[in-house]
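Understanding the architecture of this molecule
In case you want the letters, here they are:
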Amino acid sequence: MSEDDDRSPPLDLRGADIAESSNKTRNCSGVSGSGVPGPGPGPSSMEFQAPYPDQVLENVLENVLQFLSSRRDRNAASLVCKSWCRVEALTRSELFIGNCYSVSPRRATVRFARVRSVAIKGRPRFADFNLMPPDWGAHFAPWVAAMASAYPWLEKVYLKRMSVTDDDLAVLAESFPSFKELVLVCCDGFGTSGLAIVASKCRQLRVLDLIESEVADDDMDWIACFPENGTTCLESLIFDCVECPINFEALERLVARSPSLKKLRLNRFVSIGQLYRLVVRSPQLTHLGTGSFSAAEGPAQGEPEHDYLSAFAACKSLVCLSGFREILPDYLPAIRPVCANLTSLNFSYANINAEQLKSVVLHCHKLQSFWVLDSICDEGLQAVASTCKDLRELRVFPFDAREDSEGPVSEVGLQAISEGCRKLQSILYFCQHMTNAAVVAMSQNCPELEVFRLCIMGRHRPDPVTGQPMDEGFGAIVRNCKMLTRLAVSGLLTDRAFGYIGKYGKLVRTLSVAFAGDSDMGLKYVLEGCPRLQKLEIRDSPFGDAALRSGLHHYYNMRFLWMSSCRLSPQGCQGIARELPRLVVEVIRDEVAEHKDDAVDILYMYRSLEGPRDDAPRFVTILQ
C-alpha cells in the first residue's frame, strides 16, 4: 500500500455534504422519471417506466464500481452525486484512514457498512525520530470498539504508528470470527500477552506481521499459543522486531504444520543453526528474515556441522532475504545459492564491509530492492552499480548517525549508482557530504525517480568541492525527474532551492525539510507552487508566521503539516485556526526543551471532519 496514494480530501466520508446541484448527473442516466406513452393501443406507460429509477441505477452502478480498486478512483466516483456516493460506499470493502483523527470511527463505520479490510495511520512520521512526546495519542481502542459492532465479518487490519493495547487485541480476536490478517507497523503499547490472545483465538489467521513495532515482554509464550491440532492457515509470520526470546521448539512445530507459509522473518534470538532447522522444513518460502545469522553455540557432541549451502539451495522460490541482525560474515557464502533469484535484499542491520558484500551482491543480477548500511563504503556501492542493472529502490542507512562522524559513503557512491542503475525509482541516501555535480548526474541518469531522499547528516553543509549551497543539485532533481512525488532535502540550502521546488515540483506530494532555507519566502514558494502537496514535514528551519499564512489556500487539501523548532508564534498559529475552522491546529509543547513564551515548539495541523479530538494530553493545546 502506497503511503501517498490517497491524494483527495476526505470527501468520501462526507456523503451528506454532496451538493444538490450534482443531481443533474443522476438525471442523465437514461431512466426517466416519467414515461411517455407510445402511439396506438397497448400497455400503459407505466409498463415502460422503472418503478424505482434510483434503485435500477444503483444496481447498475454496483456492478460497475465493484471493479474499481483504486482509492483515488473510488473517491472521485463518490463525488459525482448522492446516488454514486451511496453506491460507492456500499461496494467498498477496503477502508483506508490516512489520519486516525481526520474522521470519527462512528462516521466511518456508518458511511462504509460492508468493509472487510481496514488500514489506519496514526502519528506523523517524525514521531519515528523522537520528535514527538510519548503518549501523544493515536489510540486504536475507539476504532476497534466501533468496528466490533459494525464489521463482524472483518478480515484484515493494518495499523501504522498507532497505540495498541493488549485489551485492543483481545477485542479484535474475540469480535471477528473470520479474522485473517493483522499487520502492525511502528506500533506500541502491546506485549506478548496480546499476541498470545490473537494466536490462540484467530483460528483462520493467515498473516501476523509485526514490523518495527515495540512489543513488551510479558513472559508469555505466544508462539506456543497457536493451535496445535492439524495444519494452520499461516502464510506470513513476521516478528523480527520482538526483542525477547521465543520458544523455538514451538516455532519449529508451527512452521512444520504451516504448508502455506511463504513469508517468515525471525528475530535476533534465532541462531543460524535454528534457522537451518526451519529452512529445511519450509523450502516453499519466498520471503525469509534470517534472525541473527550467527551461531548461538556449536553443534552438539558428535553432531555434524549443518550444510547451510544445501539448505538454501533447496529454497527455489526465495526472492526476498532480510535479517542478519547479529551477522557473522563467515556465514555469508551460505546464501550464495539463492542470490541469482533474489529481487529484494535487506542488509540494513548487517555491519559488513565492501569485500564481504561483493561475495554476495555480484551474484544478484535480478535485484530490484536493496537496503544496506553505509559500512560497505563507496566501493560497495560501486559493486552494486556494476551488477544490479534492474535496481529500482536503494536505501543506504548510517551505521553511526552522529553529525560529526566520518561518512564512509559520499558523492562517489551516489554517482556510481546513478550511472549503473538507470532504472532507479526510489532512493534514500544518508551521508556526511554531497556535491551538486553528483546530484545533477543522478537527475540526468535516473529520470524515472519518484522518490529522492538525500539526508546530509551534518547541518548546513555546502558542496565540499565548490563551497556553494546544494540549490542546483536539488533544482536539477525536481526539474529533470518528471514523476517525482516524494522529496527530502538537506545540506546548505537557500530560498533558491525552494523556488525550484515550487516551480518544477508539480507532482510532489510529500516534502521533508531539515535545517534549510533563508527566510519565509522559501516556504512560500513551496506552498504556492506545489498543488499536489499532501504531507509537509519541516524541522529546524527559519520559517515563521508569514510563511505559514502563505498556505491558507491549500491546507484543506493537505493531509498534514508538521513544523518543529521553526520561528512560529502562538499568535500566528491562532490566526490560522480562526481562518480555517475545519483544520485542527495542535501546538505541542516539548517537555524536555527550554521554553520561551513566544515560541512554538511543534505545530501539527491536519484536516478533520470531526473538529478537535477529545483525548489530547496536557502537553497538547488545540487552538480554536
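Before reading on, note that the structure itself is shown above.
Before going into details, it helps to say that this report is about the structure given with it. Numbering of residues begins from 1 in every chain and follows the order in which that chain's sequence is written. Only residues with pLDDT of at least 70 are given local features in this predicted model, and only at 80 or more are side-chain atom pairs given and counted; all residues enter the totals for whole chains, interfaces and linings. Only hydrogens and water are removed before side-chain values are computed, so all heavy atoms of the structure are retained for them.

When helices and strands are tallied, the protein chain shows 21 helices and 23 strands. Sorting the 624 residues of the protein chain into buried and exposed places 55% on the buried side. Each helix is a run of H or I in the DSSP string that is no shorter than four residues. Each strand is a run of E no shorter than two, and both are numbered from the N terminus. Three labels apply to residues, based on accessible area from a 1.4 Å probe with only protein chains included: buried if under 20% of the type maximum, exposed if over 50%, partly exposed otherwise in between.

Our focus in this paragraph is the nonpolar core. F140, I335, F347 and F452 are the most contacted members of the largest nonpolar core, which totals 180 residues. If we ignore the near neighbours within four places in the chain, the residues touching F347 are F324, L332, I335, I352, L357, V360, F370, W371, V372 and L373. In plain words, nonpolar cores are sets of buried Ala, Val, Leu, Ile, Met, Phe, Trp, Tyr and Cys residues tied together by side-chain atoms within 4.5 Å. By definition, residues are in contact when any of their heavy atoms lie within 4.5 Å.

Here the focus is the pattern of salt bridges. Proximity of charged atoms lets side chains of opposite charge pair with each other. For this analysis, a salt bridge means a side-chain nitrogen from Lys or Arg found within 4 Å of a carboxyl oxygen belonging to Asp or Glu. Per the stated rule, a full pass over the model turns up 30 salt bridges. In this structure, R268 engages E326 in a salt bridge whose closest nitrogen and oxygen atoms are separated by 3.1 Å. Residue R268 is located in the loop between β9 (263-266) and α10 (272-281), and its partner E326 is located in the loop between β11 (320-322) and α12 (336-339); the two are separated by 58 residues in the primary sequence. Classification of E326 by relative accessible area gives partly exposed; the value is 39%. Taking the shortest distance from any N to any O, the salt bridge between R613 and E586 comes out at 2.7 Å. A residue pair is termed long-range when its members are at least 10 positions apart, and R613 in the loop between β22 (602-607) and β23 (620-623) and E586 in strand β21 (residues 583-588) qualify at 27 residues. Among the charged side chains, a salt-bridge network with shared partners connects R74, E88, R92 and R111.

Attention now moves to the packing of helix α17 (residues 471-480) against helix α18 (residues 495-504). Each axis is a line fitted through C-alpha atoms, and for a helix only the stretch in contact is used; angles between axes span 0 to 180 degrees, taken between their N-to-C directions. The contact between α17 and α18 brings their axes to 8 Å, and the two run at 5°. Accordingly, the angle class assigned to the pair α17 and α18 is roughly parallel. Here D471, E472, G475, V478 and R479 of α17 come into contact with α18, specifically with R496, A497, Y500, I501 and Y504. We call Asp, Glu, Lys and Arg charged. Ala, Val, Leu, Ile, Met, Phe, Trp, Tyr, Cys and Pro are nonpolar, and the rest, Gly among them, are polar. Tallied by class, the residues present in the contact of α17 with α18 amount to five nonpolar, one polar and four charged. Should an angle fall under 35 degrees it is called roughly parallel, over 145 degrees roughly antiparallel, and 65 to 115 degrees roughly perpendicular, with every other angle called oblique.

A few words on the environment of C364. By the secondary structure assignment, C364 is in the loop between α13 (354-361) and β13 (369-373). The exposure class of C364 is buried, given its relative accessible area of 0%. Note: C-alpha distance between C364 and T343 (21 residues apart in sequence) is 7.9 Å. Discounting chain neighbours no more than four positions away, the residues touching C364 are C339, L342, L345, T387 and C388.

On to the packing of α18 against helix α19 (residues 520-529), then. Where α18 contacts α19, the two axes come as close as 8 Å, and the packing angle between them is 5°. Considering their axes alone, α18 and α19 lie roughly parallel with respect to each other. Of the residues in α19, those touching α18 at D495, F498, G499, I501 and G502 are M521, G522, Y525, V526 and G529. A per-class count over the contact of α18 with α19 returns five nonpolar, four polar and one charged.

With five of its five residues buried, strand β18 (residues 510-514) lies for the most part within the structure. Note on pairing: DSSP must find at least two bridges between two strands before they are called paired. Bridging between strand β17 (residues 486-489) and β18 involves four bridges; their strand directions are parallel. Along β18, the bridge assignment pairs A488 with S512. A clockwise course of the path from the first strand over the helix to the second, judged with the strands pointing away from the viewer, identifies a crossover as right-handed. Taken together, β17, α18 and β18 form a β-α-β motif whose crossover is right-handed. Across five bridges, β18 lies against strand β19 (residues 535-539) in parallel orientation. Paired with V513 across the bridge in β19 is I538. Taken together, β18, α19 and β19 form a β-α-β motif whose crossover is right-handed.

Not every positive phi belongs to a glycine, and R161 is a case in point at roughly 55°. The exposure class of R161 is buried, given its relative accessible area of 8%. With a phi close to 55°, E212 is a non-glycine residue in the positive phi region. Relative to the helices and strands, E212 is located in the loop between β6 (207-211) and β7 (215-216).

Further remarks concern the state of the cysteines. Note that a disulfide, as used here, is simply two cysteine sulfur atoms within 2.5 Å. Following the criterion strictly, the structure yields zero disulfides and no others. With no disulfide of its own, C81 has C85 as its nearest cysteine by sulfur position, at a separation of 8.6 Å. Relative accessible area serves as the criterion here: at 0%, C81 is assigned to the buried category.

With that out of the way, let us pick up the side chain of Q432. Within the secondary structure, Q432 sits in the loop between β15 (426-431) and α16 (436-445). Among the polar contacts made by the side chain of Q432, one reaches the main-chain carbonyl oxygen of R402 at a distance of 3.0 Å. A 3.5 Å cut-off defines polar contacts: any pair of N or O atoms within that distance qualifies, except that in protein one atom must be a possible hydrogen donor and the other a possible acceptor, and neighbouring residues in sequence count only when both atoms are side-chain atoms. A distance of 2.7 Å separates the side chain of Q432 from the side chain of R461, its partner in a polar contact.

For Phe, Tyr and Trp, rings pair up if their centres lie within 6.5 Å, where Trp contributes its six-membered ring, and each pair is then called stacked (planes under 30 degrees apart), edge-to-face (over 60) or tilted (otherwise). Scanning all chains against the criterion turns up 19 aromatic pairs. Plain terms: the ring middles of F176 and F179 are 6.3 Å apart, the flat faces sit at 35° to each other, and that makes the pair tilted. Classification of F176 by relative accessible area gives buried; the value is 2%. The criterion for a charge sitting over a ring is simple: Lys NZ or Arg CZ within 6 Å of the ring centre, and within 35 degrees of the ring normal. Across the ring face of F96, the terminal group of R71 is positioned such that the distance to the ring centre comes to 3.7 Å. Over the ring of Y504 we find R479; its NZ or CZ atom is 5.6 Å from the centre of that ring.

Here H363 is to be found in the loop between α13 and β13. Owing to a relative accessible area of 34%, H363 belongs among the partly exposed residues under this scheme. Setting aside chain neighbours within four positions, we find H363 in contact with R336, C339 and A340.

Within α13, burial applies to A354, L357, V360 and V361. Here the buried residues of α13 occupy an arc of 125° about the axis, which is enough to place them on one side. Where α13 is buried, its residues meet α12, β12 (344-347), β13 and α14 (377-387). For α13, the N-terminal cap is N353; the gap from its side-chain oxygen to the backbone nitrogen of E355 is 3.1 Å. Directions drawn from the helix axis to the C-beta atoms are what define this arc.

Another point: helix α6 (residues 141-150). Since there are 3.6 residues in each turn of an α-helix, residues three or four apart along the chain are aligned in direction. Those residues of α6 lying buried are W143, V144, A146 and M147. For α6, the arc enclosing every buried residue in end-on projection is 165°, short of the 170-degree limit, so these residues lie on one face. On its buried side, α6 packs onto β1 (94-97), α5 (105-111), β2 (117-121) and α7 (166-175).

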